[in-house]
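Take a look at the letters that make up each chain.
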Amino acid sequence: MSAGRRLPEADAQLIRDAIAGRRGAVDELAGVWLPHVYRWCHRLGGPTLDAEDAAHETLIVMCRRIHTVHGPAQFPSWLFAIARKTIANQRRRAWFARWVPGASLEREAATGWGSAQDLESRQSAEVVWKVLEALPQSQREVLVLVDLEEHTNAEAAALLGLPLGTVKSRLRVAREAFREGMRGIAFFEPTRRSEVG
Amino acid sequence: MSDVRDLMKELPEPDPGGPDRVWSRFRRTRQRQRITRFWPVVPVALAAAAALFLRTGDTPRALELTAEGTQALHWSDQVQLEFAGRGTVSGTDRQAIVNWEQGRIAVQVTPKTGTELEIRTEEGVIRVIGTAFTVTRDRLGVSVDVSHGTVAVDCADGWSGRLTSDTGGHTCLPLRPALLLGRADALADQGAPLATRLLTLDRGVAAADPDSSVHTELLVRRMHTRAASGDRAGALADADAALAGADTGRSVEIRRFASRLSLYASCDAARPYLAPLATTGNAEDAVLLAECTADPAAARALLEQALPQLDGTWKARAKTALTTLEGR
């Protein structure tokens, strides 16, 4: 099972069953796609977003709306679109939470980057994420899917529901903007990492 | 590009325990949803339960389905049946089993209501996955045609699969020799291709008890079908097997057919079939026997006896044979 690639027949059949309303099929489908959904939410949401919340909500929406999917081929991009929308909604909620005193502190502690990481790598990750965050959503998505999740351009195009040419040009612009962003906060040279933070 | 990828690697991998936590939370939510979905209807259901208990609802019930013309049955809010034929339906509103014996039954099941419906026939089981479809049990077997949605079909002949309106229908073949004989006749009536008919006859011959009259009947039909498809050796083998099997009163017909077929090869090949026909008094058989008899006197006697009963080409053929004998 790989998001954006041709689906094996068994997976396609499971999607057809879920669409047709076979008992238990939609829950089974959620189990199969959970790892993908979780990664999407984690990668696209970043450290300020609760990926588990977003993945859970995405799957619940999937269960509710599965009957609207037209067929197995459409399913991955449809599910990805739900994840994007859920992430966007949660980002809005996170923005609101920042204005409620104390509401964001607990969340940030809970969704931190992991206590086992050493300080330097945590700082590096935070800087990379800060640059990614500064990119427009359309560029960030392409960059995350291709350069982080290592999908091919065609797979990213299928997931995003975009023409291949659009993905390629967005990727080119996104990479340039990302490099520019990294230069802008004086992090691009590995020897200067310790200056950041 | 590689510099971008290298920098991206600074981002941490997702927590490997995350999916498990999401999964258990998802399961809890789904369970809650299933329960809460029924909450608003609980008081209504409790109030209605007593009234429904005596009539329908989820108390198991059974009905006989018999109709020569088409009849409709509202089994429950989730299941509608329309049938012409014979069978039974049993179970509850949401879990019904139709045992279908003969004829056509169309089923409509409201999707996404958790309704389970099975149509059981001798030739296979058809399971509903939220759909509308038709099952016809006739001499050909059990044919399934799907109008909407998907059905799972498990045929007793070994085929199983899922059908949708796009995949087209499927026919589960009969298994019993007598039913295969019926299917072969139905195919012949429909003018089905010889190869299709032979497949059914092969199955029937293989399945039938060699001492049974059904076996002989299947062999006779296969003899005719093989001969029509140009397989004379196969047809004669079937003739021999049929003559060696149960007596169905067809031995004269089989010998007559086999004799004509074997004459394509030689009189020697035909003689074993022709000789027993001498006592039947059939004039045409007598002509063929005379043509294959080495004794001129016996041949002449056969021809002279047959001649008054013959006309047309057979009469001409007998006269030619007599002339040939006189010239000897």
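Presented here is an overview of the structure given in this document. Note that this is a predicted model, so its numbers are computed, not measured. (Residues numbered from 1 in each chain as written. Chains lettered and ligands numbered in written order. Predicted model: local features only at pLDDT ≥ 70, side-chain atom pairs only at ≥ 80, totals over all residues. Heavy atoms only, no water.)

Examining the packing of aromatic side chains
Under the convention used in this document: Centres within 6.5 Å make a pair out of two Phe, Tyr or Trp rings, where for Trp the six-membered ring is used; the pair is then stacked when the planes are under 30 degrees apart, edge-to-face when over 60, and tilted otherwise. Secondary structure is summarised from DSSP: a helix means a run of H or I of at least four residues, a strand means a run of E of at least two, and numbering begins at the N terminus for each.
For the coordinates displayed, the defined rule picks out five aromatic pairs over all chains. Ring plane angle 25 degrees and centroid distance 5.3 Å describe the contact between W23 of chain B and F26 of chain B, whose orientation is recorded as stacked. You can see W23 of chain B and its partner F26 of chain B sitting in helix α2 (residues 18–38), three residues apart, about one turn around the helix. Through successive ring pairs, a cluster of aromatic residues spans W33, F75 and W78 of chain A.

A look at the state of the cysteines
Residue and element names in this part refer to chain B. For the record, the criterion: Any two cysteine sulfur atoms lying within 2.5 Å of each other are counted as a disulfide. For the exposure calls, accessible area comes from a 1.4 Å probe over protein chains only, and a residue counts as buried if that area is under 20% of its type's maximum, exposed if over 50%, partly exposed in between.
Scanning the entire structure with this criterion turns up two disulfides over all chains. Two residues share a disulfide in this structure: C267 and C292, whose sulfurs sit 2.0 Å from each other. Every disulfide takes its handedness from the sign of the S-S torsion; for C267 and C292 that torsion is -70 degrees, giving left-handed. Of this pair, C267 sits in helix α9 (residues 267–274) while C292 is found in the loop between α10 (283–291) and α11 (296–306), placing the two residues 25 residues apart along the sequence. For C267, a relative accessible area of 25% puts it in the partly exposed group. Relative accessible area serves as the criterion here: at 5%, C292 is assigned to the buried category.

With respect to the interface of chain A and chain B
By a frequent convention, interface size equals the accessible area lost on bringing the separate parts together. Here is the rule we go by: The contact rule is simple, with two residues in contact once any of their heavy atoms fall within 4.5 Å. What counts as buried area is the accessible surface, traced by a 1.4 Å probe, that two parts surrender upon association, with contributions from both included. The salt bridge criterion pairs a side-chain nitrogen of Lys or Arg with a carboxyl oxygen of Asp or Glu, the two atoms within 4 Å.
Facing 44 residues of chain A, the contacting portion of chain B comprises 30 residues. Across the chain A/chain B interface, buried area totals approximately 3,500 Å², and carbon plus sulfur atoms make up 62% of it. Across the chain A-chain B interface, the total number found is seven salt bridges. Here D147 of chain A makes a salt bridge to R5 of chain B, at a shortest N to O gap of 3.1 Å.

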